[in-house]
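A structural walkthrough
Chain by chain, the residues:
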Amino acid sequence: MDSLPTQDTLFRTLADPTRRALFERLCREGEQTVGALTAQAGVSQPAVSKHLHVLRDAGLVRDRQAGRQTHYSARAAALAPLIDWTSQMAGFWESKFDDLEDLLKRMDQ
Amino acid sequence: MTETRSVTVEREFPHPPGKLWRALTQPHLIADWLMKNDFAPAVGHKFNLSGEWGGTLDCEVLEIEPEETLAYTWNYAHDDPQFDLRSTVTFTLTPTPGGTLLRMEQAGFRPDQPRASGGAKYGWQQNFDKLDALLGRME
């Protein structure tokens, strides 16, 4: 799937610390097999697979079948709704800071 | 343990910390740049910020260090957990050669529930109000 996850899906999916750690590792280290991910995950391989499926269904990772191995990689673009949200919140405060700046100028007069 | 997300905004103002502090702590000045309020500079003081959009934020002063730090809760009660926001706003003032660096951190947005969208919705409500006002002036 190539569409972006909704904000709700994104927050919900990344709320799980194990899942978030898997996603972070794929972002930092690039494509990995399920086996390689399991070796450092601290949970069983079926659990890792399950988390990877949730991440995949949310559009945060993509999978690639190569022989008997499944390789996973992160879709960094999927984070866009999260970044949008942060910008919106920052936008509110930026506009308030504009008003504050205006007030400070007037306080001198 | 609940993990939360924050939003931070920083700006350097060409004014001394004392003046900025007044703008952050005097009700009539707060009303000018933020929202109508019944703020009082005392830890534990409960007050409201009333938005132009008709909503009311429940706040309580958490920390006051004159000309350095001001922190208060920034809560928006809503029956729908999606819009129910519990957050903390902290202003930190740092003197600079040209004035004061103001840092605002709003913390407490929960990632496991889309509560944050309540905040974003709120922010946008304000922005749209401003846009609306601007468009009104342009005619």
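Higher on the page you've got the structure.
If you're wondering where the values come from, they're calculated on a predicted model, not measured in any experiment. (Residues numbered from 1 in each chain as written. Chains lettered and ligands numbered in written order. Predicted model: local features only at pLDDT ≥ 70, side-chain atom pairs only at ≥ 80, totals over all residues. Heavy atoms only, no water.)

**Remarks on the pattern of salt bridges**
- Enumeration according to the criterion identifies 12 salt bridges over all chains in this entry.
- Across the salt bridge formed by Arg-56 of chain A and Asp-63 of chain A, the nearest N and O atoms sit 2.9 Å from each other.
- Given the relative accessible area of 28%, Arg-56 of chain A is considered partly exposed.
- Residue class for Asp-63 of chain A comes out partly exposed when judged on its relative accessible area of 32%.
- The salt bridge partner of Glu-10 of chain B is Arg-103 of chain B, with a shortest N-O separation of 3.5 Å. Of this pair, Glu-10 of chain B sits in strand β1 (residues 5-13) while Arg-103 of chain B is found in strand β7 (residues 99-109), placing the two residues 93 residues apart along the sequence.
- Using a relative accessible area of 45% as the deciding quantity, one classes Glu-10 of chain B as partly exposed.
- Residue classification places Arg-103 of chain B among the partly exposed residues on the basis of a relative accessible area of 29%.
- In this structure, a network of salt bridges that share partners links the residues Glu-94, Asp-98 and Glu-101 of chain A together with Arg-11 of chain B. (Salt bridge = Lys/Arg side-chain N within 4 Å of Asp/Glu carboxyl O. Buried < 20%, exposed > 50% of the residue type's maximum accessible area, 1.4 Å probe, protein only. Helix = DSSP H or I, 4+ residues; strand = E, 2+ residues; numbered from the N terminus.)

**Section: the side chain of Lys-19 of chain B**
- Structurally, Lys-19 of chain B is set in helix α1 (residues 17-25).
- Residue Lys-19 of chain B is classed as buried on the basis of its relative accessible area, which comes to 8%.
- The contacts of Lys-19 of chain B, once residues within four sequence positions are left out, are Leu-104, Met-107 and Asp-108 of chain A. (Contact = heavy atoms within 4.5 Å.)

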